[in-house]
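# Inside the fold
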Amino acid sequence: MAQVRKMTHSHRRAARKSARRKSTAGRSTARKRWSQRVTKQSNALDLKRGVFKLTSPKKIAASLKRSAAHSARRKTSAYRSALSMLTFYINRAGKTLPKTQRTRLEKAKLELKRAFGRE
């Protein structure tokens, strides 16, 4: 009869690590860019390209309002959809968002409230 050897702790850990690597192979790119996929495929809005790069908070708010009003993919009110996309962008950019752009986008939130008469 063949003798069965017991695995040491380090061998078990290496085997688990190897199995994890094999199961996640090819998914790392999809995982890294899930927010990009959400932006493109979500049922929130059809945004104008480069809307968050605009220089004026009023222009950003106007573009979001226009997109929200014309979007057939949104599931909630135009205001909520526009505000959620703006907040989503700010949160996903995180610490990499320059302070000037973050300030501009925060001002765009206020402009969006004014544009929808929610002030």
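Our subject in this report is the structure included herewith. (Residues numbered from 1 in each chain as written. Predicted model: local features only at pLDDT ≥ 70, side-chain atom pairs only at ≥ 80, totals over all residues. Heavy atoms only, no water.)

### Some words on the overall build of the chain
Within the chain, the secondary structure is distributed over six helices and zero strands. Each of the 119 residues in the chain was classed as buried or not, and the buried ones make up 24%. Put simply, of all contacts in the chain between residues at least 6 apart along the chain, 61% involve residues at least 24 apart. When the accessible surface of the chain is summed, it comes to about 9,200 Å², and 52% of that surface belongs to carbon and sulfur atoms. (Helix = DSSP H or I, 4+ residues; strand = E, 2+ residues; numbered from the N terminus. Buried < 20%, exposed > 50% of the residue type's maximum accessible area, 1.4 Å probe, protein only. Contact = heavy atoms within 4.5 Å. Areas by Shrake-Rupley, 256 points an atom, 1.4 Å probe, with all protein chains shown as cover.)

### Considering helix α5 (residues 78-93)
Here α5 contains 16 residues, and its C-alpha end-to-end distance of 23 Å stays within 8% of the 22 Å for a straight helix at 1.5 Å per residue. Of all the positions in α5, only Ala78, Tyr79, Ser81, Ala82, Met85, Leu86, Ile90 and Ala93 are classed as buried. Following α5 by one or two positions, Gly94 adopts a phi angle in the positive range, close to 60 degrees. (Expected span 1.5 Å × (residues − 1).)

### Describing the packing of helix α4 (residues 57-70) against α5
The N-to-C vectors of α4 and α5 enclose an angle of 130 degrees; their axes lie 9 Å apart at closest approach. Viewed along their axes, α4 and α5 adopt a mutual orientation that is oblique. In terms of crossing hand, the pair formed by α4 and α5 is right-handed. Contacts from Leu64, Ala68 and Ala69 in α4 reach Ala78, Ala82 and Leu86 in α5. Along the lines of polarity and charge, the residues of the contact of α4 with α5 split into six nonpolar, no polar and no charged. (Axes fitted to C-alpha atoms, helices over the stretch in contact; angles between N-to-C directions. Parallel < 35°, antiparallel > 145°, perpendicular 65-115°, else oblique. Left-handed = near helix turned anticlockwise from the far one by under 90°. Nonpolar A, V, L, I, M, F, W, Y, C, P; charged D, E, K, R; others polar.)

### Concerning the packing of α5 against helix α6 (residues 99-115)
At a minimum axis distance of 11 Å, the contact between α5 and α6 shows a crossing angle of 170 degrees. Classed by the angle they form, the pair α5 and α6 counts as roughly antiparallel. Here Tyr79, Ala82, Leu83, Leu86, Thr87, Tyr89 and Ile90 of α5 lie close against α6, whose contacting residues are Gln101, Arg102, Leu105, Glu106, Ala108, Lys109, Leu112 and Lys113. For the contact of α5 with α6, the per-class residue count stands at nine nonpolar, two polar and four charged.

### Some thoughts on a positive patch on the surface
Together, Arg12, Arg13, Arg16 and Lys17 line one region of the surface with positive charge. For Lys17, the location among the structural elements is in helix α1 (residues 9-23). Classification of Lys17 by relative accessible area gives partly exposed; the value is 47%. (Patch = residues over 30% accessible without salt bridge, like charges linked within 9 Å, V, L, I, M, F, W, Y side chains within 5 Å. Salt bridge = Lys/Arg side-chain N within 4 Å of Asp/Glu carboxyl O. Lys, Arg positive; Asp, Glu negative; His and termini not counted. Charge placed at Lys NZ, Arg CZ, Asp CG, Glu CD.)

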